[in-house]
Amino acid sequence: MAGSKSGPEDCVTNDEFFNKMRDTIEHELRDEGEGTSHVFVIFGASGDLASKKIYPTLWCLFRDNLLPHKTHFIGYARSNLTVQDIKKKCLPYMKVKPGEDKKVDAFFKLNQYLAGSYDKTSDFSKLNRLIEEKGSANRLFYLALPPSVFEKVALNIKAVCMSNGDTWTRVVVEKPFGHDLESSNHLSTHLASLFNENQLYRIDHYLGKEMVQNLMVLRFGNRMFSNIWNRDNIASVVISFKEPFGTQGRGGYFDEFGIIRDVMQNHLLQILTLTAMEKPPTTEAEDIRNEKVKVLRCICPLSMDQVVLGQYTGNPDGKGAEKEGYLDDPTVPKGSITPTFATAVLYIKSERWDGVPFILKCGKALNERKAEVRVQFRDVAGDIFPAGEVKRNELVIRVQPNEAVYLKMMTKTPGLTIECEETELDLSYRNRYEGITMPDAYERLLLDVFLGSQIHFVRSDELFEAWRIFTPLLHQIEKEKPKPLPYVYGSRGPPEADALSSTHGFKYTGTYRWNKDKMTNSKY
Ligand code: NDP
Ligand code: BG6
């Protein structure tokens, strides 16, 4: 088990933290019967997602004793592989600490691999027989597959691999869920003809991140926010995703999608719904998802004038890969106009949010790694201090890296003056929760599938609304082929994006300074 007590005496230790999680899981699984096994089938077991994410996540859950006792894993793909081959592919991505080799062996002993095609029902019958060998078992099917085979696989699962009797079947689907409204509706209709919505788990891994899950608690567990969370007090909300690296050989895949489909239409829009939704009647999945859909329904489809698109160019002064622009990636088609950066301004036409810009900003090959929600408050009314001294408050919820919530606020400059200066109330997780290993997004989400909790998964009507908002813009881009604005690898993106944000009311003063060294060196 990871780590032990390392924080101050009265802090929760990592062991206590994990024990509490285990208790919760055991409690939730109690109703499923002592004799019931679980079989987790990974379709596309030979692929990248499986070896980089799914197997390593299952390993972490197994290592930390978070999985139900009798859980077996079956990898399924077309290639002729063995469990040993799978192990070799996955090991570089698995977090294995010294002394855990025996546990790794125990994990792979619970694994089997079956080679089969995605369209032959007879191969799925073989898979079914393998599952049946485990006795009465709940079945989880993870489709780590290209969308081109989703439908065939879903049909075959339904035809011969469903559980019966007292056990359940759940199907986990990874994005992309279509590439526009029409294709997404087609896929949704197909899946709905085979499975109930409560059997379908559409993964958006951002919904598994600690701070994204925290949005509900911050908003609805704090009296101080509820009265100010509206158009009367909030000037703008900026939701950003920044990565400091480019496509680097993955450009072929990325080029088909572009940054809007890759990040904005799913991850950022999901964060927006949690930031803007009304308080649900309960914390039940359906109540929360109903509220999220309502927010989306209040957003009009995006038009070109609400968007700035960019594409990165090489930085001649940069190191290694930074010298290469998107078009220098040999896997990117020549002359591609696919955006690697986008800023879009959305408005939610509701009583709470009318007129407040929600600025979504995402890009590759930028100056830093960062995902955050920045709520910027309106100017102080009837300001009595010298003009320009008082700056706007901002509440920042930093999703990554280094989870934090900080409130940028004004204070009196200490000493013999009554001048104002900017400071912050700061909840930095690495200080407050020192020594705790946070579970990764996929760990939380896969556990949720075992537990049958759909809170952090995307419902089909959310998906419909998300595509409704973005499809007209995406089609217009495909038709008119506007050239994205160039920005240098390692920069903050095209300056036109800042101009768009500023036109819509986001104010940047550049005056705030965070006293990082003081914060990290302090001993409480
Ligand atoms: P800043 O005032 O420096 O930045 C505010 C916002 O302005 C950012 O969203 C940034 O966005 C944007 N911005 C930056 N340059 C421009 C520009 N030229 N034109 C328009 N917009 C611009 O405050 P921050 O809240 O970003 O804090 C500064 C630093 O302090 C950060 O690194 C932050 O992480 C750190 N800090 C850390 C805390 C903690 O760890 N607990 C607590 C408080 C602060 P963009 O993303 O586009 O660059
Ligand atoms: C994926 C995108 O959904 O999210 C990738 O397809 C992106 O392009 C990734 O890099 C970012 O995830 P994270 O968890 O590393 O922020």
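Structure first, text after, so check above.
None of the values given here were measured: they were computed from a predicted structure.

Draft legend 1. Focus on the overall build of the protein. Of the regular secondary structure elements, the protein holds 16 helices and 15 strands. Computed over its C-alpha atoms, the radius of gyration of the protein comes to 24 Å, within 12% of the 24 Å expected for a compact globule of 524 residues. Along the longest, intermediate and shortest principal axes, the C-alpha atoms of the protein span 75 × 60 × 50 Å. Partitioning the intrachain contacts of the protein with sequence separation of at least 6 by distance along the chain shows that 77% fall at a separation of at least 24. Carbon and sulfur atoms provide 52% of the accessible area of the protein, an area that totals close to 24,800 Å². Taken as two groups, the 69 positive and 70 negative side-chain charges of the protein have centres that lie 2 Å from each other.

Draft legend 2. Representation of the sheet that holds strand 11 (residues 370-377) within the structure. Strand order in the open sheet made by the nine strands is 14-13-12-11-7-10-9-8-15, with mixed pairing throughout. Only two strands of the sheet have a single partner each, and these edge strands are strand 14 (420-428) and strand 15 (485-488). Pairwise comparison of adjacent strand axes, ignoring direction, gives a mean angle of 20° for this sheet. Where strand 8 (residues 307-313) and strand 9 (residues 341-347) come together, four bridges link them in antiparallel fashion. Looking across to strand 9, one finds that leucine 309 is bridged to alanine 342. This element, helix 10 (residues 251-276), spans strand 7 (234-242), strand 8, strand 9, strand 10 (357-363) and strand 11 of the sheet and lies at about 145° to strand 10.

Draft legend 3. Just helix 6 (residues 150-160), in detail. What helix 6 keeps buried is the set Phe150, Val153, Ala154, Asn156 and Ile157. All buried residues of helix 6 project into a common sector of 165° when viewed along the axis, lining one side. Buried positions along helix 6 lie against strand 1 (37-43), helix 5 (121-132), strand 4 (137-143), strand 5 (169-173) and helix 7 (181-194).

Draft legend 4. Main features of the packing of helix 8 (residues 210-220) against helix 10. Direction vectors running N to C along helix 8 and helix 10 enclose 10°, while the axes themselves pass 9 Å from each other. Here helix 8 is positioned roughly parallel relative to helix 10, judged by the angle of their axes. Contacts from Val212, Leu215, Met216 and Arg219 of helix 8 reach helix 10 at Ile271, Leu274, Thr275 and Ala276. Across the contact of helix 8 with helix 10, the residue classes tally to six nonpolar, one polar and one charged.

Draft legend 5. A look at the environment of glutamate 389. The residue glutamate 389 is located in the loop between strand 11 and strand 12 (394-400) in this model. A residue is classified by how much of its surface remains accessible, and glutamate 389, at 21% relative accessible area, is partly exposed. Between the C-alpha atoms of glutamate 389 and phenylalanine 18, which are 371 residues apart in sequence, the distance is 47 Å. Look past the residues within four positions of glutamate 389 in its chain and what remains in contact with it is Met410, Glu419 and Cys420. Within the structure, glutamate 389 has its side chain in polar contact with the backbone nitrogen of cysteine 420 (distance 3.1 Å).

Draft legend 6. Up close: the pattern of salt bridges. Counted by the stated rule, this structure contains 29 salt bridges. A salt bridge links glutamate 368 to lysine 242; the nearest nitrogen and oxygen atoms lie 2.7 Å apart. On the criterion of sequence distance, the pair formed by glutamate 368 in the loop between strand 10 and strand 11 and lysine 242 in strand 7 is long-range, its members being 126 residues apart. Using a relative accessible area of 29% as the deciding quantity, one classes glutamate 368 as partly exposed. Take lysine 242: its relative accessible area is 8%, and that puts it in the buried class. Overlapping salt bridges bring together Lys242, Glu368, Lys370, Glu372, Arg374, Glu394 and Lys408 as one network.

Draft legend 7. Just the site of ligand 1, in detail. Neighbouring residues of ligand 1: 18 residues in total, closest Lys361, Lys370, Tyr406, Ser428 and Arg492. Within the side chain of lysine 361, an N or O atom sits 2.5 Å from an oxygen atom of ligand 1. In this structure, aspartate 426 approaches ligand 1 through a side-chain N or O atom, which is 2.8 Å from a nitrogen atom. With the chains in place, 79% of the 900 Å² that ligand 1 exposes on its own is no longer accessible. Secondary structure elements with two or more residues in the shell around ligand 1: strand 11, strand 13 (404-412) and strand 14. Broken down by class, the residue content of the shell around ligand 1 amounts to six nonpolar, one polar and 11 charged.

Cut-offs and rules
Residues numbered from 1 in each chain as written. Chains lettered and ligands numbered in written order. Predicted model: local features only at pLDDT ≥ 70, side-chain atom pairs only at ≥ 80, totals over all residues. Heavy atoms only, no water. Helix = DSSP H or I, 4+ residues; strand = E, 2+ residues; numbered from the N terminus. Rg over C-alpha atoms; globule rule 2.2 N^0.38 Å. Contact = heavy atoms within 4.5 Å. Areas by Shrake-Rupley, 256 points an atom, 1.4 Å probe, with all protein chains shown as cover. Lys, Arg positive; Asp, Glu negative; His and termini not counted. Charge placed at Lys NZ, Arg CZ, Asp CG, Glu CD. Pairing = 2+ DSSP bridges. Axes fitted to C-alpha atoms, helices over the stretch in contact; angles between N-to-C directions. Buried < 20%, exposed > 50% of the residue type's maximum accessible area, 1.4 Å probe, protein only. Arc of directions from axis to C-beta. Parallel < 35°, antiparallel > 145°, perpendicular 65-115°, else oblique. Nonpolar A, V, L, I, M, F, W, Y, C, P; charged D, E, K, R; others polar. Polar contact = N/O pair within 3.5 Å; in protein donor to acceptor, adjacent residues only side chain to side chain. Salt bridge = Lys/Arg side-chain N within 4 Å of Asp/Glu carboxyl O. Near = heavy atom within 4 Å.

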